[in-house]
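Observations on the model geometry
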Amino acid sequence: MKIDLEKLGLQWRHADYIIVAGDTVVVVEETSRAKPEDVDKLRETIEALRSGKLQHLCGNPSKVIAILHASREVDAMIAKYLGALSKKTTIYRIANCNNQLRMILDESGVQLEN
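Residues numbered from 1 in each chain as written. Predicted model: local features only at pLDDT ≥ 70, side-chain atom pairs only at ≥ 80, totals over all residues. Heavy atoms only, no water.

What to know about the packing of aromatic side chains
Heads up, the rule is: Each aromatic pair joins two rings of Phe, Tyr and Trp (for Trp, the six-membered one) with centres within 6.5 Å, and gets the label stacked for planes under 30 degrees apart, edge-to-face for over 60, and tilted for any other angle. Each ring is checked for a lysine NZ or an arginine CZ that lies within 6 Å of its centre and within 35 degrees of its normal; such an atom marks a charge sitting over the ring.
Enumeration over the complete set of coordinates arrives at zero aromatic pairs. The ring of Tyr-17 has Lys-2 lying over it, and the distance from NZ or CZ to the ring centre is 4.2 Å. One residue, Lys-53, lies across the ring of Trp-12, its end atom 5.0 Å from the ring centre.

Things to note about the pairing of strand β4 (residues 63–70)
Selection criterion: A 1.4 Å probe rolled over the protein chains alone gives each residue an accessible area, and that area as a share of the maximum for its type sets the label: buried under 20%, exposed over 50%, partly exposed in between. Counting from the N terminus, the helices are the DSSP runs of H or I reaching at least four residues and the strands are the DSSP runs of E reaching at least two. Two strands are counted as paired when DSSP detects at least two bridges linking them. Call a crossover right-handed when, viewed with both strands pointing away from you, the route from the first strand across the helix to the second goes clockwise.
The element β4 is largely enclosed, with a buried count of seven among its eight residues. As defined by bridge partners, strand β3 (residues 24–31) adjoins β4 across eight bridges and the pair is classed as parallel. Bridging across to β4, Thr-31 finds its partner in Ala-70. In the sheet, β4 pairs with strand β5 (residues 90–95) via six bridges, with the strands oriented parallel. By the bridge assignment for β5, Ala-66 is matched with Tyr-92. Each parallel crossover has a hand, and the one from β4 via helix α3 (residues 76–85) to β5 is right-handed.

Side note on the sheet that holds strand β1 (residues 2–4)
Rules: Whenever a helix is involved, its axis is fitted only over the stretch in contact; in every case the axis is a line through C-alpha atoms, and angles between N-to-C directions fall within 0 to 180 degrees. Whether two residues are in contact is decided by their heavy atoms: any pair within 4.5 Å suffices.
Taken in spatial order, the five strands make up an open sheet running β1-β2-β3-β4-β5, and their pairing is mixed. Single-partner strands in this sheet number two, and they are β1 and β5. This sheet shows a mean twist of 20 degrees between the axes of neighbouring strands, independent of strand direction. Those strands touched by helix α1 (residues 36–51) are β2 (17–21), β3, β4 and β5, and its axis lies near 155 degrees from that of β3. In the packing of helix α4 (residues 98–107) onto the sheet, the strands contacted are β2, β3, β4 and β5, and the crossing angle to β5 comes to about 155 degrees.

Examining the packing of α1 against α3
Geometry of a packed helix pair, given as the angle between the helix axes and the separation of the axes. Heads up, the condition is: Working definition: roughly parallel below 35 degrees, roughly antiparallel above 145 degrees, roughly perpendicular at 65 to 115 degrees, and oblique for all remaining angles. The handedness criterion is simple: a crossing whose near helix is rotated anticlockwise from the far helix by less than a right angle is left-handed, and one whose near helix is rotated clockwise is right-handed. Each residue gets one label: Ala, Val, Leu, Ile, Met, Phe, Trp, Tyr, Cys and Pro are nonpolar, Asp, Glu, Lys and Arg are charged, and the others, such as Gly, are polar.
α3 packs onto α1 with a crossing angle of 20 degrees between their chain directions and a minimal axis gap of 10 Å. Classified by the interaxial angle, the pair formed by α1 and α3 is roughly parallel. Crossing geometry of α1 relative to α3 is assigned as right-handed. Note on element contacts: α3 touches α1 through Ile-78, Tyr-81, Leu-82 and Leu-85, opposite Pro-36, Val-39 and Arg-43. A class-by-class count of the residues in the contact of α1 with α3 yields six nonpolar, no polar and one charged.

Here we look at α4
For an α-helix, the turn length of 3.6 residues means that residues three or four places apart are oriented alike. Put simply, the rule is: What the arc measures is the spread of directions leading from the helix axis to the C-beta atoms.
Here α4 has its buried residues at Leu-101, Ile-104 and Leu-105. The arc that holds the buried residues of α4, viewed along the axis, is 100 degrees, so those residues lie on one side. Exposed and oriented more than 90 degrees from the buried face of α4 are Asn-99, Asp-106 and Glu-107. Contacts from the buried residues of α4 go to β2, β3, β4 and β5. Phi turns positive, to about 75 degrees, at Gly-109, one or two residues after α4.

If you want it as structure tokens, here you go:
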């Protein structure tokens with residue numbers, strides 16, 4: 001189930017949307033050019049998930065996949081930073097196009113509803 005966080009009127013920085021698939025939540029930030037602020041939005045959304053701020057939307061996920069979906073190529077420093085943030089229960093990925101986004105979701109067993 002895709003939930004557009006922009007429409008919820010949240011009063012803190014957050015990613016654009018989440019996809020809830022059982023005990024896995026995918027956090028997606030859409031951007032044209034990846035910036036450190038975009039990574040911060042992913043991190044703050046994940047912190048909200050882990051602290052229970054979004055529990056009413058997705059419960060308590062055991063796995064979180066954070067995707068920075070950029071229409072332009074992502075700077076190598078941002079890619080390294082995302083890699084350093086990845087842990088066993090939280091994985092950070094980059095998708096440069098819709099096909100890559102769908103591939104990451106498919107690999108994770110998550111279906112994106114249109």
